[in-house]
Amino acid sequence: MDQWLRNTNVVKVVALVIGILLWAVVRMDGSSIPGSTGTGTVEETIGNVAVTPKYNEDQFFIEDISPAQVTVTIAGRSSTLKRVLNSANYSVELDLTNTGKGEHMVPLTPVGFPSSVSVKITPAYAKVVVDEKKNKSMPVTVQVTGTPAVGLKAGQPVVKPKQVTVGVPSRIYEAVESVRADVDVDKADSPVTAQAKLVAYDKDGKAIEEAIINPAVVEVEVPITSPFKLVPLQVKLVGEPPPGFAVSGIRQSIDKVTVYGAQDMLDRLEFYEGPQVDLSGLKEDKEFTLPIPLRGDVKQIDPGEVTVSVSIVPSQTKILESIPLSIIGQNDGFHTSVLIPQSGRLNLTVEGAPDWIEKLKPQDVQGIVDVSNLPPGRHEVPVTWNLPTFVKKGSQEYLRATVEISAREGDASAPSGTANPSSSP
């Protein structure tokens with residue numbers, strides 16, 4: 001080997017071979033990628049590169065960019081181009097920071113390419129239409145779709161947040177009519193909680209695609225309950241204050257309740273009978289807090305209790321004169337008349353709060369004689385009184401009437417149930 005290396009001819013041959021190999025390597029690097037220029041520089045074409053607008057999103061709205069995608073041609077060393085293509089950290093930018101409302105032709109700018117790479121964008125300009133952005137604060141409405149499980153009903157949805165901001169081009173600002181979230185409760189047997197995407201609609205119910213809603217998604221909870229109905233609450237009064245005292249007024253903390261139950265029952269329900277308030281023995285104001293009972297097929301009452309405030313005052317008496325007696329329970333085949341009193345009228349002493357008694361008139365009171373199931377003949381029957389609320393009979397008032405029931409004889413008899421008006425009280 002040492003002898004070879006000392007031979008100048010061998011050294012020259014080796015040097016020639018190494019030189020040829022180095023030339024071949026350089027030559028191959030310049031022609032290894034299609035598009036080589038023959039000087040070590042190659043080209044690569046990238047299609048369908050999206051145009052990215054740069055603008056103030058709080059102030060403007062991009063209506064249109066044309067073209068929305070462009071072709072990018074890059075040139076440089078093969079190894080550099082490979083790094084560019086593999087990284088994809090490049091973009092084509094449309095700088096609108098100094099552009100206002102209207103239609104503009106704006107040059108496109110390459111971003112993220114190495115300085116050693118030359119870039120050509122085709123086309124070099126893009127047409128853009130810019131509009132001013134206007135924001136509108138809108139309440140969120142929820143549209144509940146589907147039918148819950150049998151016997152259940154969807155309640156009032158609860159949405160968070162209740163208010164959102166809708167950004168739209170100024171030209172359609174007035175068209176925004178509502179912002180809605182749709183929630184499906186089909187076959188649900190418990191409350192439905194969902195994150196719902198918001199959509200803006202115009203007055204015709206058409207979605208406004210340009211609208212930008214912030215936040216774009218809201219949380220919605222739809223209660224699933226028995227069917228319910230809001231009806232008046234009636235508190236039943238029993239008993240009455242002792243002589244010398246009267247009720248001047250009653251105040252309830254709630255006037256209506258929500259009743260839950262079967263739909264057919266609710267359809268027939270006009271009011272709900274609440275708890276009883278016993279007025280017996282009351283000589284001063286009193287407040288009652290009472291649970292509202294569940295009656296019949298009612299499953300739930302909301303709220304579940306009521307507070308009743310009773311106002312008691314010293315009572316006042318008054319005599320109501322010549323109150324006509326009404327006969328009920330008559331048989332159509334018989335004639336019934338009042339014998340005593342002959343006039344068919346009675347006087348009645350009433351007692352109550354001064355404000356009520358002072359304005360009370362005889363026509364506000366009804367005296368009733370019930371002859372149901374009585375045979376023909378004379379009968380002494382008690383008189384019952386239909387009195388206004390908070391008014392009671394005087395302490396000594398226990399009145400009776402004598403009636404006569406007889407068979408009808410032709411047309412000469414008096415009409416059924418009409419008292420004889422010939423005498424005075």
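Conventions we followed
- Residues numbered from 1 in each chain as written.
- Predicted model: local features only at pLDDT ≥ 70, side-chain atom pairs only at ≥ 80, totals over all residues.
- Heavy atoms only, no water.
- Pairing = 2+ DSSP bridges.
- Helix = DSSP H or I, 4+ residues; strand = E, 2+ residues; numbered from the N terminus.
- Axes fitted to C-alpha atoms, helices over the stretch in contact; angles between N-to-C directions.
- Phe/Tyr/Trp six-rings, centres within 6.5 Å; stacked < 30°, edge-to-face > 60°.
- Buried < 20%, exposed > 50% of the residue type's maximum accessible area, 1.4 Å probe, protein only.
- Lys NZ or Arg CZ within 6 Å of the ring centre and 35° of its normal.
- Contact = heavy atoms within 4.5 Å.
- Polar contact = N/O pair within 3.5 Å; in protein donor to acceptor, adjacent residues only side chain to side chain.
- Core = buried A, V, L, I, M, F, W, Y, C linked by side-chain atoms within 4.5 Å.
- Salt bridge = Lys/Arg side-chain N within 4 Å of Asp/Glu carboxyl O.
- pLDDT = per-residue confidence, 0-100.

1. Focus: the sheet that holds strand S20 (residues 272–278)
Part 1 of the reasoning: Taking strand neighbours across the sheet as the criterion, the 4 strands line up as S20-S17-S19-S22 in an open arrangement whose pairing is mixed. The open sheet has two edge strands, S20 and strand S22 (300–302), and neither has a second partner. Pairs of neighbouring strands in the sheet enclose a mean axial angle of 35 degrees, with direction left out of account.
Part 2 of the reasoning: In this sheet, S22 lies alongside strand S19 (residues 256–260) in antiparallel orientation, the contact comprising 3 bridges. Across the sheet, residue threonine 258 finds its bridge partner in S22, namely aspartate 302.

2. Observations regarding the packing of aromatic side chains
Part 1 of the reasoning: Inspection of the entire model under this criterion finds 3 aromatic pairs.
Part 2 of the reasoning: Ring centres 5.5 Å apart and planes at 50 degrees place the aromatic pair phenylalanine 228 and tyrosine 260 in the tilted group. Of this pair, phenylalanine 228 sits in strand S17 (residues 228–238) while tyrosine 260 sits in strand S19, and the two are 32 residues apart along the sequence.
Part 3 of the reasoning: Using a relative accessible area of 13% as the deciding quantity, one classes tyrosine 260 as buried.
Part 4 of the reasoning: On the numbers, 5.5 Å between centres and 75 degrees between planes, the contact of tryptophan 356 with phenylalanine 390 is edge-to-face. One end of the pair, tryptophan 356, is in helix H5 (residues 354–358); the other, phenylalanine 390, is in the loop between strand S28 (377–386) and strand S29 (392–393), and 34 residues separate them in sequence.
Part 5 of the reasoning: Assessed through its relative accessible area of 29%, tryptophan 356 is described here as partly exposed.
Part 6 of the reasoning: A cation over a ring is seen here: lysine 134 above tyrosine 173, with NZ or CZ 4.2 Å from the ring centre.

3. Comments concerning the environment of serine 309
Part 1 of the reasoning: Among the secondary structure elements, serine 309 is positioned in strand S23 (residues 305–314).
Part 2 of the reasoning: The spatial distance from the C-alpha of serine 309 to the C-alpha of arginine 251 is 5.1 Å, given a sequence separation of 58 residues.
Part 3 of the reasoning: Leaving out residues up to four positions away in the same chain, serine 309 has contacts with Gly249, Ile250, Arg251, Lys286 and Glu287.
Part 4 of the reasoning: At a separation of 3.4 Å, a polar atom in the side chain of serine 309 contacts the side chain of glutamate 287.

4. Points about the nonpolar core
Nonpolar side chains in soluble globular proteins tend to end up buried together.
Part 1 of the reasoning: Of all hydrophobic cores here, the largest spans 25 residues; its most connected members are Val166, Val179, Leu198, Ala200 and Val218.
Part 2 of the reasoning: Elements supplying a minimum of two residues to this core: strand S7 (125–145), strand S10 (163–169), strand S11 (178–184), strand S12 (192–197) and strand S15 (217–222).
Part 3 of the reasoning: Counting residues in hydrophobic clusters, the runner-up holds 24 residues, among them Ile46, Tyr90, Val92 and Val117.

5. Examining the pattern of salt bridges
Part 1 of the reasoning: Under the definition given, this model contains 7 salt bridges.
Part 2 of the reasoning: Between aspartate 131 and lysine 101 there is a salt bridge, with the nearest N and O atoms lying 3.7 Å from each other. Of this pair, aspartate 131 sits in strand S7 while lysine 101 is found in the loop between strand S4 (91–95) and strand S5 (102–111), placing the two residues 30 residues apart along the sequence.
Part 3 of the reasoning: A relative accessible area of 5% places aspartate 131 in the buried class.
Part 4 of the reasoning: Linking glutamate 380 and arginine 400 is a salt bridge whose minimum nitrogen-to-oxygen distance equals 3.4 Å. Here glutamate 380 is found in strand S28, whereas its partner arginine 400 is found in strand S30 (residues 400–407), with 20 residues between them in sequence.
Part 5 of the reasoning: Each of Glu63, Arg171 and Glu210 takes part in one network of salt bridges that share partners.

6. A short note on the confidence of the model for the protein
Part 1 of the reasoning: For the protein, per-residue confidence averages 86 on the pLDDT scale, and 88% of positions sit at 70 or higher.
Part 2 of the reasoning: For the stretch residues 30–34, pLDDT sits under 50, and the model shows 9 contacts to residues farther than four places along the chain or on other chains.
Part 3 of the reasoning: Within the model, the stretch residues 411–425 combines pLDDT values under 50 with 24 contacts to residues more than four positions away or in other chains.

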